[in-house]
Amino acid sequence: MAITYSEEIQVERAKTTKINSVDFNNLAFGKIFSDHMFVCDFEDGKWQTPKILPYQPITLQPSSKIFHYGQSIFEGMKAYKDENGSVFLFRPIDNCKRLNISAKRLAMPEIPEDYFMNGLKELLKIEKDWIPTSEGSALYIRPFMFATGEGFHASPADSYKLVIAFAPSGPYFSGDVKVLIEEKYSRSANGGVGFAKAGGNYAGQFYPTQLAKEKGYQQVIWTDDNTHEYIEEAGAMNIFVRINDTLLTVPTSDRILDGITRKSILKIAEDEGIKTEVRKIKVSELIEASENGSLKELFGAGTAAVVSPISGFGFKGKNYDLPKLEDTFGARLKKRITDIQTNKAEDPFGWRIKVC
Ligand SMILES: *Cc1c(COP(=O)(O)O)cnc(C)c1O
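Notes on the structure in this doc start here. Here the structure is a predicted model, which means the values were calculated and not measured.

This part is about the overall build of the protein chain. In terms of regular secondary structure, the protein chain is built from 8 helices and 19 strands. Over its C-alpha atoms the protein chain spans a radius of gyration of 21 Å, differing by no more than 12% from the 21 Å that the globule rule assigns to 356 residues. Along the three orthogonal principal directions, the C-alpha set of the protein chain runs to about 65 × 55 × 40 Å. Here the analysis covers contacts within the protein chain between residues at least 6 apart in sequence; of these, 71% occur between residues at least 24 apart. Surface summary for the protein chain: the accessible area is close to 16900 Å², and the carbon and sulfur share equals 49%. Charged side chains of the protein chain number 45 positive and 47 negative; the gap between the two group centres comes to 1 Å.

In structure tokens form, the structure reads like this:
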């Protein structure tokens with residue numbers, strides 16, 4: 001007898017819905033949350049019965065290891081609804097695989113793919129009405145896992161909680177982004193956890209980013225921790241550089257997160273006949289290209305914003321402006337990827353998954 005996970009998930013419905021108080025035409029990014037969440041506990045060496053519960057606070061003991069040793073990881077993904085009301089995910093298995101890569105690095109238990117996927121799909125079916133449909137908006141999905149197990153001993157916890165929560169979100173508007181090329185601080189190091197979506201990685205970025213903001217920049221371009229000569233990421237996004245008509249990005253590594261948007265953009269660019277190169281990029285190359293006019297575009301790539309254009313960068317007290325182009329690779333690639341995500345275009349790559 002085949003037991004499907006949907007039958008196994010315990011569902012407790014919320015008594016009321018908040019949905020009528022939400023203005024779906026004026027959504028910010030990640031600020032309001034839907035009525036339910038998916039929760040699964042890892043206890044006694046195994047994942048317990050998954051549950052869908054009303055969105056609610058989580059209570060923990062002060063001795064829970066998340067507070068002391070930061071065993072905490074997350075993912076970021078989106079669900080989309082087309083004009084017929086069908087619901088889609090974009091490369092969700094890749095998010096699950098990456099969650100498990102992060103889990104392994106932080107000595108946390110891996111979640112079986114079917115637990116994750118079935119939980120996510122069931123929650124989506126229940127929260128279908130929370131998926132916004134206006135241009136540029138989507139249901140932002142935040143899976144996260146953290147140590148609930150107790151003890152002040154610096155060792156991995158023996159219990160964990162996986163949660164998936166939803167935030168209907170409008171376009172991630174970043175405005176005119178000027179970035180500072182970082183010369184002192186590092187986001188990640190060789191042998192470190194930079195390739196994982198570990199909560200602490202982002203805490204470590206806040207202070208250098210605050211310093212950059214005080215200098216009039218919105219974001220930091222991270223450079224390699226060893227020499228600070230090579231660019232690595234744009235804030236919490238992968239970085240793309242257009243020099244003349246070639247689109248470049250840097251190879252993933254211990255220090256650079258393997259972004260799903262990054263690899264999708266590379267594939268689409270190739271499909272569109274745009275010449276791509278994946279190689280290390282020196283800060284000095286960027287400056288030279290800016291000075292001789294061959295630097296055409298600079299943009300960040302990630303699930304939230306998809307593509308976030310950069311209008312200029314600062315380095316060693318000097319500012320370098322990017323040209324204002326009419327038709328950018330960034331805008332063209334963003335349109336193609338979002339058209340695939342929202343079922344407005346063919347998906348020759350097999351990335352889009354229909355949920356219901
Ligand atoms: C999540 C993330 C990205 C982008 O990954 P996507 O899968 O495209 O959303 C890039 N860099 C860092 C550091 C990230 O945390």
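Now that the structure has been shown, we can carry on.
Moving on, we get to unusual backbone geometry. Positive phi is not limited to glycine here, since Asp44 has a value of about 50°. When you line up the elements, Asp44 lands in the loop between β2 (36-43) and β3 (46-47). One non-glycine residue, Ala107, adopts positive backbone phi at about 55°. Its place among the elements puts Ala107 in the loop between α3 (92-105) and α4 (113-126). The class of Ala107 is partly exposed, set by a relative accessible area of 44%.

So, about the nonpolar core. Within soluble globular proteins, side chains that are nonpolar generally end up buried alongside one another. Counting residues in each nonpolar core, the largest one holds 41 residues, and the members touching the most others are Phe116, Leu120 and Leu124. Per element, the largest residue contribution to this core is 7 residues, and it comes from α4. Leaving out residues up to four positions away in the same chain, Phe116 has contacts with Met77, Pro92, Cys96, Leu99, Ile111, Pro143 and Ile164. In terms of nonpolar packing, the next biggest core, distinct from the first, is built from 24 residues, Val177, Ala234, Ile281 and Leu295 among them.

Under the counting rule described, the total for this entry stands at 13 aromatic pairs. Centroid distance Tyr185 to Tyr207: 5.9 Å. Interplanar angle 85°. Geometry classified as edge-to-face. Placement of Tyr185 in the loop between β10 (177-181) and α5 (199-214) and of Tyr207 in helix α5 is noted, with a sequence separation of 22 residues between them. For Tyr185, a relative accessible area of 24% corresponds to the partly exposed category. Aromatic pair Phe349 and Trp351: ring centres 4.3 Å apart, planes at 20°, arrangement stacked. We classify Trp351 as buried; its relative accessible area is 7%. Ring pairing ties together the aromatic residues Phe29, Tyr140 and Tyr172, which thus form one cluster. Over the aromatic face of Phe88 sits the side chain of Arg352, whose NZ or CZ is 5.7 Å from the ring centroid.

Surrounding the ligand, one finds 14 residues, the nearest of these being Lys197, Tyr202, Glu233, Thr261 and Thr303. A distance of 2.8 Å is found between an oxygen atom of the ligand and a side-chain nitrogen or oxygen belonging to Lys197. Ile260 places a polar main-chain atom, nitrogen or oxygen, 2.8 Å from an oxygen atom of the ligand. Mapped by element, the contributors of at least two residues to the shell around the ligand are β13 (237-243) and α6 (260-271).

Attention shifts here to α3. Along its 14 residues, α3 runs 20 Å from first to last C-alpha, staying within 8% of the 20 Å computed at 1.5 Å per residue. Among all positions of α3, only Pro92, Asn95, Cys96, Arg98, Leu99, Asn100, Ser102 and Ala103 are buried. Positive backbone phi, approximately 55°, marks Ala107, located one or two places after α3.

In this section: the packing of α3 against α4. Look at α3 against α4: their axes get within 10 Å of each other, and the N-to-C directions meet at 130°. Taken together, α3 and α4 sit at an angle that is classed as oblique. As for how α3 packs across α4, the hand of that crossing is right-handed. Contact residues: Pro92, Ile93, Cys96, Lys97 and Leu99 in α3; Glu113, Phe116 and Met117 in α4. Among the residues making up the contact of α3 with α4, the classes are represented as 6 nonpolar, no polar and 2 charged.

Evaluation of the coordinates by the stated rule reveals 22 salt bridges. Put simply, Arg187 and Glu233 hold a salt bridge, and the shortest N to O gap is 3.1 Å. Here the residue Arg187 occupies a position in the loop between β10 and α5, and Glu233 occupies one in strand β12 (residues 231-234), the gap between them amounting to 46 residues. A relative accessible area of 10% means that Arg187 is categorised as buried. Put simply, Asp339 and Lys335 hold a salt bridge, and the shortest N to O gap is 2.6 Å. Taken together, the residues span about one helical turn, with Asp339 and Lys335 both in helix α8 (residues 329-341) at a distance of 4 residues. For Lys335, a relative accessible area of 51% puts it in the exposed group. Through salt bridges with shared partners, one network takes in Asp271, Glu272, Arg332 and Arg336.

So, how was this worked out
- Residues numbered from 1 in each chain as written.
- Predicted model: local features only at pLDDT ≥ 70, side-chain atom pairs only at ≥ 80, totals over all residues.
- Heavy atoms only, no water.
- Helix = DSSP H or I, 4+ residues; strand = E, 2+ residues; numbered from the N terminus.
- Rg over C-alpha atoms; globule rule 2.2 N^0.38 Å.
- Contact = heavy atoms within 4.5 Å.
- Areas by Shrake-Rupley, 256 points an atom, 1.4 Å probe, with all protein chains shown as cover.
- Lys, Arg positive; Asp, Glu negative; His and termini not counted.
- Charge placed at Lys NZ, Arg CZ, Asp CG, Glu CD.
- Buried < 20%, exposed > 50% of the residue type's maximum accessible area, 1.4 Å probe, protein only.
- Core = buried A, V, L, I, M, F, W, Y, C linked by side-chain atoms within 4.5 Å.
- Phe/Tyr/Trp six-rings, centres within 6.5 Å; stacked < 30°, edge-to-face > 60°.
- Lys NZ or Arg CZ within 6 Å of the ring centre and 35° of its normal.
- Near = heavy atom within 4 Å.
- Polar contact = N/O pair within 3.5 Å; in protein donor to acceptor, adjacent residues only side chain to side chain.
- Expected span 1.5 Å × (residues − 1).
- Axes fitted to C-alpha atoms, helices over the stretch in contact; angles between N-to-C directions.
- Parallel < 35°, antiparallel > 145°, perpendicular 65-115°, else oblique.
- Left-handed = near helix turned anticlockwise from the far one by under 90°.
- Nonpolar A, V, L, I, M, F, W, Y, C, P; charged D, E, K, R; others polar.
- Salt bridge = Lys/Arg side-chain N within 4 Å of Asp/Glu carboxyl O.

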